[in-house]
Amino acid sequence: MKTENLTKVIILIITYDCNLRCSYCYEPKKAHHYMTANKAKEILRNEIDNLDDSYTNVIIQFMGGEPLLHFDMMKEVAEWIWEQDFKVEVRNIHAPTNGTILTNEMKTWLTDNKDRFSLALSFDGDRLMQDINRSDSSADVDLEFFADTFPEVAIKMTLSPNTIANFYEGYKYLHEKGFNQVGPSLAIGDNIGWTQQHLTILSQQLKLIVDYLLDNPQVHKVGNFDIPVWDILDKDSIDRSCRVGKDIICYDCNGTTYPCHIFSPVTLDLDKAIKSRSIDFNEVRKTPTSCSKCVLKRACTRCYGINYRDRGNCATPSSFDCTQFKLFFFANCRYQILLAQKTGNEKMAQIMNTVMKYLSK
């Protein structure tokens, strides 16, 4: 196994509240729970002071709900972190956001601290796609601010059954708006309403996007367009599966720990969330499943939380999730093959030839 960077990810759920009601949200609870700044400081001090010596740095993520609803608390805790002399480096502090409630005061603070605090915007394509998925909120989001302030942070673009047919147009729109890193994914969960027809549409849209990427080499490919397809050839490649139970810990508003936010009561009913605290993820990873014999397993990422929520088994993905990943995987293969032909990269052409032969077995 290759050496991995030992980074501890500490997730703080600072609020259950959210001002939007997105069509695909996996956090159905919108209770008015908030974490205090003192509780957050106590958690971080204890967690970092007691880190295993193998960890060299930490990443801190403020999670919601919508974290900007608790901006003053985030600001206070971030500024406190920067004053501490922790035994390891705090490599990054960040939060996801729907971007709809930014004030001028927030923008000023975020701009002043953009090199040490980042916001990851969720915006689901063009403005019509955003309005369909995310509560008619497109007019409330200052896209220019995010593109200018956080150019190195990927924007999250989630596709729903109602927007999948506009995937290519939405992806292109965000790049044209100045976002050089667009991370697209399909909404997850058995309750979303995906069908075989949506997979056909996805395949068609991926062909258009691959052609777009070939014509626009300046576009930085991330997420599902940056799958290391050659990893399937390497039995020692780094495990890309979910990191829960290894390097992630999540704290609920009251300080209770969970494997990650998807296992917490912000997503699950309380009884199921509590049961998740006793899951042995080492056993989950070792137990043979339908994924064990999959030729793509070394390149695949899996969400244990949604699997647990929907099927009661962390290691059992839905057939739809498997198929949509395969479509993204083969889109990456097509891109690498055509790019190698276009640029005359014989080494990459040979690698991809080996990959395709391996897949055909």
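Residues numbered from 1 in each chain as written. Predicted model: local features only at pLDDT ≥ 70, side-chain atom pairs only at ≥ 80, totals over all residues. Heavy atoms only, no water.

With respect to the packing of helix 6 (residues 167-176) against helix 7 (residues 196-215)
Between two packed helices, what matters for the description is the angle formed by their axes and the separation of those axes. Test applied: Only the stretch in contact is used when a helix axis is fitted, and all axes are lines through C-alpha atoms; the angle between N-to-C directions ranges over 0 to 180 degrees. Numbering goes from the N terminus for both helices and strands, where a helix is a DSSP run of H or I of at least four residues and a strand is a run of E of at least two. Note on contacts: a residue pair is in contact if any heavy atoms of the two residues lie within 4.5 Å. Three categories are distinguished: nonpolar for Ala, Val, Leu, Ile, Met, Phe, Trp, Tyr, Cys and Pro, charged for Asp, Glu, Lys and Arg, and polar for the others, with Gly belonging to the last.
Relative orientation of the contacting elements helix 6 and helix 7 amounts to 30 degrees, with a least axis distance of 8 Å. Contacts from F167, Y168, Y171, K172 and H175 of helix 6 reach helix 7 at L202, Q205, L206, L208, I209, Y212 and L213. Of the residues in the contact of helix 6 with helix 7, the class split is nine nonpolar, two polar and one charged.

Describing the pairing of strand 1 (residues 7-13)
Under the convention used in this document: Working definition: with a 1.4 Å probe on protein chains only, accessible area under 20% of the residue-type maximum means buried, over 50% means exposed, and in between means partly exposed. By definition, two strands form a pair when at least two bridges between them are found by DSSP.
Taken across its seven residues, strand 1 has seven buried, putting it largely inside the fold. Burial along strand 1 is two-sided: the residues T7, V9, I11 and I13 and K8, I10 and L12 are all buried. Pairing between strand 1 and strand 2 (residues 57-63): seven bridges, direction parallel. Counterpart to V9 in the pairing with strand 2 is I59. As paired elements, strand 1 and strand 8 (residues 248-251) share four bridges and run parallel to each other. Directly across from L12, in strand 8, lies its bridge partner Y251.

Some thoughts on the pairing of strand 2
With seven of seven residues buried, strand 2 lies mostly within the body of the structure. Burial along strand 2 is two-sided: the face carrying N57, I59, Q61 and M63 and the face carrying V58, I60 and F62 are both buried. Two elements, strand 2 and strand 3 (residues 89-97), share five bridges in a ladder whose sense is parallel. Bridging across to strand 3, Q61 finds its partner in H94.

What about the sheet that holds strand 5 (residues 155-159)?
Think of a sheet as strands paired side by side through backbone hydrogen bonds, with each pair either parallel or antiparallel. Spatial strand order, 5-6-7: three strands in an open sheet with parallel pairing. Edge positions in the sheet fall to strand 5 and strand 7 (220-221), since each of these pairs with one other strand and no more. Pairing of strand 5 with strand 6 (residues 181-186) involves five bridges; the strand directions are parallel. Paired with K156 across the bridge in strand 6 is G183.

Details of the nonpolar core
Selection rule: Definition used in this section: a nonpolar core is a set of buried Ala, Val, Leu, Ile, Met, Phe, Trp, Tyr and Cys residues joined via side-chain atoms within 4.5 Å.
L12, F167, Y171 and F329 are the most contacted members of the largest nonpolar core, which totals 113 residues. Ranked by residues supplied to this core, first place goes to helix 7 with nine residues. Apart from residues lying up to four places away in sequence, Y171 is in contact with M157, V182, P184, I209, Y212, L213, V219 and F225.

What to know about the packing of helix 7 against helix 11 (residues 319-343)
Heads up, the condition is: Reported orientations rely on four angle classes, namely roughly parallel under 35 degrees, roughly antiparallel over 145, roughly perpendicular from 65 to 115, and oblique for the rest. For any pair of crossing helices, the crossing counts as left-handed if the nearer helix is rotated counterclockwise from the farther one by less than a right angle, and right-handed if it is rotated clockwise.
For the pair helix 7 and helix 11, interaxial distance at closest approach is 10 Å and the crossing angle is 25 degrees. It follows from the interaxial angle that helix 7 and helix 11 lie roughly parallel. Both helix 7 and helix 11 take part in a crossing whose hand is right-handed. Here L199, L202, S203, L206, K207, V210, D211, L213, L214 and D215 of helix 7 come into contact with helix 11, specifically with F320, T323, Q324, L327, F328, A331, R334, Y335, L338, L339 and K342. Along the lines of polarity and charge, the residues of the contact of helix 7 with helix 11 split into 13 nonpolar, three polar and five charged.

Side note on the sheet that holds strand 2
Within the open sheet, the six strands sit side by side as 4-3-2-1-8-9. Their pairing is mixed. The open sheet has two edge strands with one neighbour each: strand 4 (118-121) and strand 9 (257-258).

Describing the state of the cysteines
Test applied: Disulfide assignment relies on a single distance test, namely cysteine sulfur atoms paired within 2.5 Å.
Scanning all chains against the criterion turns up zero disulfides. Free cysteine C25: the closest other cysteine sulfur is in C22, separated by 6.2 Å. The exposure class assigned to C25 is partly exposed, which follows from its relative accessible area of 34%. With no disulfide of its own, C250 lies 6.6 Å from the sulfur of C260, the closest cysteine sulfur. Overall, C250 belongs to the buried group, its relative accessible area being 0%.

What to know about helix 7
The cut-off we apply is this: Multiplying one less than the number of residues by 1.5 Å gives the expected span of a helix.
Spanning 20 residues, helix 7 covers 30 Å between terminal C-alpha atoms, matching the ideal 28 Å at 1.5 Å per step. What helix 7 keeps buried is the set H198, L199, I201, L202, Q205, L206, I209, V210, Y212, L213 and L214. Against the buried residues of helix 7 lie helix 6, strand 6, strand 7 and helix 11.

Here we look at the packing of aromatic side chains
Short version of the rule: Note on aromatic contacts: the rings of Phe and Tyr and the six-membered ring of Trp form a pair at centre separations within 6.5 Å, being stacked when their planes are under 30 degrees apart, edge-to-face when over 60 apart, and tilted otherwise.
All chains considered together, the criterion is met by 21 aromatic pairs. Centre to centre, the rings of F71 and W109 are 5.6 Å apart; their planes meet at 85 degrees, and the pair counts as edge-to-face. Of the two residues, F71 sits in helix 2 (residues 71-83) while W109 sits in helix 3 (residues 104-112), which places them 38 residues apart along the sequence. Overall, F71 belongs to the buried group, its relative accessible area being 4%. On the accessibility criterion, W109 (8% relative accessible area) is buried. Ring geometry for F146 versus F150: centroids 6.4 Å apart, planes at 40 degrees, classification tilted.

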